[in-house]
Amino acid sequence: MADTRRIGIFGAGWVGLVTGGCFAELGHEVVVRDIVPERIDALRAGKLPFHEPDLPEVLVRNAQRITYTLEAEELAGTDVLFICVQTPPTYSGDADLSYVWNALDELPRVERRQILAMKSTVPVGTGESVRAALEARGLTNVGYASNPEFLAEGTAVRDFLNPDRIVIGAFHEEDAASVEALYSGIEAPVVRTDVASAEMIKLAANAFLMTRISFINEIANVCEAVGADVVEVAQGIGLDHRLGPHFLRAGIGYGGSCFPKDSLALKQLASNSGYHFQLLSAVIEVNELQKRRVVQKLQKHLGKLRGRKVALLGLAFKPGTDDMREAPSIVLASRLLAEGAEVRAWDPVAKPGELLKGAVQCDTVIEAVTGADAAVVVTEWPELRELPSAEVREAMARPLIVDGRNLLDPDATRAAGFAYEGIGRASSAFESLPGTPERVWRNREVPPAETASDRTTRKPK
Ligand code: UGA
């Protein structure tokens, strides 16, 4: 357990509440400040404004250590102040830092040392600008650290409490040490570095994850052309210890509140510095095209889509969240509507409302697929594993499943009487000859970790 410190959080959004809740879980006293009265009222009443597994329990368990307030003055007694405000893209692709500057304007004036720790994802150079602004205002008692978050929606609490690493960039060694001390009790490597490098680590990590996704999506598209199965290919690639198995799931593209925004911000940051980040531009373009590929798959089976009913199953940008920001379902729905199709949409938690304007929003999978000419798995919610059932087949006008996340077993789906299209799975109808052993790792999500000795003994270099 860490020595108890007083922590302030600017912003009761997703990052702020996960950060505040988890620091309280570590034993610290936390004050969460937001400017939206309804949000603070709801939090005081124990209501979370979004869906994030485990977070409600963390906030309830630590309620006595967490205060919610509208008053910036209540942050005066805190030792470290985390900035957890949004940094949305502007029209130019640059990150909009106005919420960060607003937080700075509202810093309570105190005599003793306070540290401002940046959790929001910001362009490289922000820390330097903030430091200059603090000095210009005579706030020399306020230190600064960049302490980026690597939380994924749906697993944020686990990611916070069991991180792969903690990154801290600071101008002064003692500020970095103060921030690091807040995490004591957590087992993880700590990367202490300069502020610009810490800012870059966050942007580069996300960019690299997106690059892996666009890479495997392009491999999937080539697999379709040449008759290979990208799921098998990804498993084969992932066993190479230099590459690893993560973020190699082909599909209809990434979305969410981070990847699309952060890729644009990094691309813009590079071009503001006179550098054309070609690879990142390609990653973004591949992702845009990928969201639309389902339309061609539907056309292949159904011809013109005008008047066809298409069920979109799973709408949030990934399972485990109700977040619709930059969800591929939005682009897909509007492409289908533009083709004249009738779109019937279902998600177990997301409520897209106006974002899916023109689509019929359904309460159950059966309602969505009734009379449909095709069902598309857009987001891999676990409950959709049951999709290839007799009930669904009978409800659909045509039993066509387009599996945009390679969630289903192609052979079992076909055996259940459906036409099946996955992503990059042209050769998925693998026929086992009698007596042929199951292929290694087939249907396994993540292969077991191999040991160094496996590597040295198995294959001579
Ligand atoms: C992402 C990163 O994973 C976090 O480490 C980071 O902290 C966060 O952004 C952020 O910057 O705040 P998140 O956006 O919650 O987290 O979601 P991911 O799980 O990374 O998924 C992003 C998108 O990539 C989803 O649409 C998902 O369906 C897609 N994806 C992911 C794939 O298409 N294939 C994969 O193999 C993995």
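Residues numbered from 1 in each chain as written. Predicted model: local features only at pLDDT ≥ 70, side-chain atom pairs only at ≥ 80, totals over all residues. Heavy atoms only, no water.

### Some remarks on helix 4 (residues 98-105)
Right, so step 1: Val100, Ala103 and Leu104 are the residues of helix 4 that are buried. In an axial view of helix 4, the angular spread of the buried residues amounts to 100°, which keeps them on one side of the axis.
Right, so step 2: The inward-facing, buried residues of helix 4 abut strand 1 (6-10), strand 4 (80-83), strand 5 (114-118) and helix 5 (126-136). (Buried < 20%, exposed > 50% of the residue type's maximum accessible area, 1.4 Å probe, protein only. Helix = DSSP H or I, 4+ residues; strand = E, 2+ residues; numbered from the N terminus. Arc of directions from axis to C-beta. Contact = heavy atoms within 4.5 Å.)

### Description of the sheet that holds strand 12 (residues 374-377)
Right, so step 1: Spatial strand order, 11-10-9-12-13-14: 6 strands in an open sheet with parallel pairing. For this open sheet the edge positions go to strand 11 (360-362) and strand 14 (419-421), each flanked by a neighbour on one side alone. Direction aside, neighbouring strands of the sheet carry axes that sit 20° apart on average.
Right, so step 2: As paired strands, strand 12 and strand 13 (residues 400-403) are joined by 3 bridges and run parallel to one another. Each bridged residue has a counterpart across the sheet, and for Ala375 the counterpart in strand 13 is Ile401.
Right, so step 3: Against the sheet, helix 11 (residues 278-302) engages strand 9 (309-313), strand 12, strand 13 and strand 14, with an angle of about 160° to strand 13. (Pairing = 2+ DSSP bridges. Axes fitted to C-alpha atoms, helices over the stretch in contact; angles between N-to-C directions.)

### Considerations on the site of the ligand
Right, so step 1: Lining the immediate surroundings of the ligand are 20 residues, of which Glu149, Glu153, Lys202, Asn206 and Cys258 lie closest.
Right, so step 2: Between an oxygen atom of the ligand and a main-chain N or O atom of Arg249, the distance comes to 2.9 Å.
Right, so step 3: Within the complex, 94% of the 710 Å² of free accessible area of the ligand lies under protein.
Right, so step 4: For the shell around the ligand, the elements supplying multiple residues, two or more each, are helix 8 (195-226) and helix 10 (259-272).
Right, so step 5: For the shell around the ligand, the leading source of residues is helix 8, giving 4 residues.
Right, so step 6: For the shell around the ligand, the per-class residue count stands at 11 nonpolar, 2 polar and 7 charged. (Near = heavy atom within 4 Å. Polar contact = N/O pair within 3.5 Å; in protein donor to acceptor, adjacent residues only side chain to side chain. Areas by Shrake-Rupley, 256 points an atom, 1.4 Å probe, with all protein chains shown as cover. Nonpolar A, V, L, I, M, F, W, Y, C, P; charged D, E, K, R; others polar.)

### Things to note about the side chain of Arg425
Right, so step 1: Structurally, Arg425 can be placed in the loop between strand 14 and helix 16 (452-458).
Right, so step 2: Given a relative accessible area of 11%, Arg425 falls into the buried group.
Right, so step 3: A polar atom in the side chain of Arg425 sits 3.1 Å from the backbone oxygen of Leu408.
Right, so step 4: A distance of 3.2 Å separates the side chain of Arg425 from the side chain of Tyr420, its partner in a polar contact.
Right, so step 5: For Arg425, the contacting residues outside a window of four places in its chain are Glu224, Ala228, Asp229, Val231, Asn406, Leu408, Pro410 and Tyr420.

### Topic: the nonpolar core
Right, so step 1: Formed by 57 residues in total, the largest nonpolar core has its most connected members in Leu298, Leu312, Leu313, Leu332, Leu336 and Val376.
Right, so step 2: Residues within four places of Leu332 in sequence aside, it is in contact with Ile252, Lys291, Val294, Val295, Leu312, Val376 and Val378.
Right, so step 3: In this structure, Val15, Leu43, Ala117 and Ala176 belong to the second largest nonpolar core, which totals 39 residues. (Core = buried A, V, L, I, M, F, W, Y, C linked by side-chain atoms within 4.5 Å.)

### Quick word on the environment of Lys267
Right, so step 1: If you trace the backbone, Lys267 turns up in helix 10.
Right, so step 2: Overall, the relative accessible area of 32% leaves Lys267 in the partly exposed class.
Right, so step 3: Residue contacts for Lys267: discarding those within four places in its chain leaves Leu280, Ser281 and Ile284.

### Brief notes about the environment of Val167
Right, so step 1: Relative to the helices and strands, Val167 resides in strand 7 (residues 166-170).
Right, so step 2: Overall, Val167 belongs to the buried group, its relative accessible area being 1%.
Right, so step 3: Spatially, the C-alpha atoms of Val167 and Glu199 are 9.2 Å apart, while their sequence positions differ by 32 residues.

### What about the packing of aromatic side chains?
Right, so step 1: Throughout the structure, instances matching the rule amount to 8 aromatic pairs.
Right, so step 2: Ring centres of Phe23 and Tyr183 lie 5.1 Å apart, and the angle between their planes is 65°; on these two criteria the pair is classed as edge-to-face. With Phe23 in helix 1 (residues 14-25) and Tyr183 in the loop between helix 7 (173-182) and strand 8 (190-193), this pair connects stretches of sequence that are 160 residues apart. The pair Phe23 / Tyr183 is uniform in exposure class, with both members buried. (Phe/Tyr/Trp six-rings, centres within 6.5 Å; stacked < 30°, edge-to-face > 60°.)

### Observations regarding the sheet that holds strand 2 (residues 29-33)
Sheets are built from strands paired through backbone hydrogen bonds, the pairs being either parallel or antiparallel.
Right, so step 1: The strand order 3-2-1-4-5-6-7-8 describes an open sheet built from 8 strands, whose pairing is mixed. Sheet topology places strand 3 (66-69) and strand 8 at the edges, where each strand pairs with a single neighbour. Here the strands of the sheet are splayed against their neighbours by 25° on average, with no regard to which way each runs.
Right, so step 2: The pairing of strand 1 with strand 4 spans 4 bridges and is classified as parallel. Following the sheet pairing, Ile9 is matched in strand 4 by Phe82.
Right, so step 3: The strands touched by helix 8 are strand 6 (142-146), strand 7 and strand 8; relative to strand 7, the strand with the most contacts, the crossing angle is about 145°.

### What to know about unusual backbone geometry
Working note: non-glycine residues mostly have negative phi, and peptide bonds are mostly trans.
Right, so step 1: In this model, Asp54 sits at a positive phi of 75°, which is unusual for a non-glycine residue.
Right, so step 2: A positive phi is found at Glu326, a non-glycine position, where the angle reads about 55°.
Right, so step 3: The residue Glu326 is located in the loop between strand 9 and helix 12 (328-338) in this model.
Right, so step 4: We classify Glu326 as partly exposed; its relative accessible area is 45%.

### Focus on helix 8
Right, so step 1: Given a rise of 1.5 Å per residue, 32 residues ought to cover 46 Å, and the 47 Å separating the end C-alpha atoms of helix 8 matches this to within 8%.
Right, so step 2: A distance of 3.3 Å separates the backbone nitrogen of Ala196 from a side-chain oxygen at the start of helix 8, and that oxygen is part of Asp194.
Right, so step 3: Phi turns positive, to about 85°, at Gly227, one or two residues after helix 8. (Expected span 1.5 Å × (residues − 1).)

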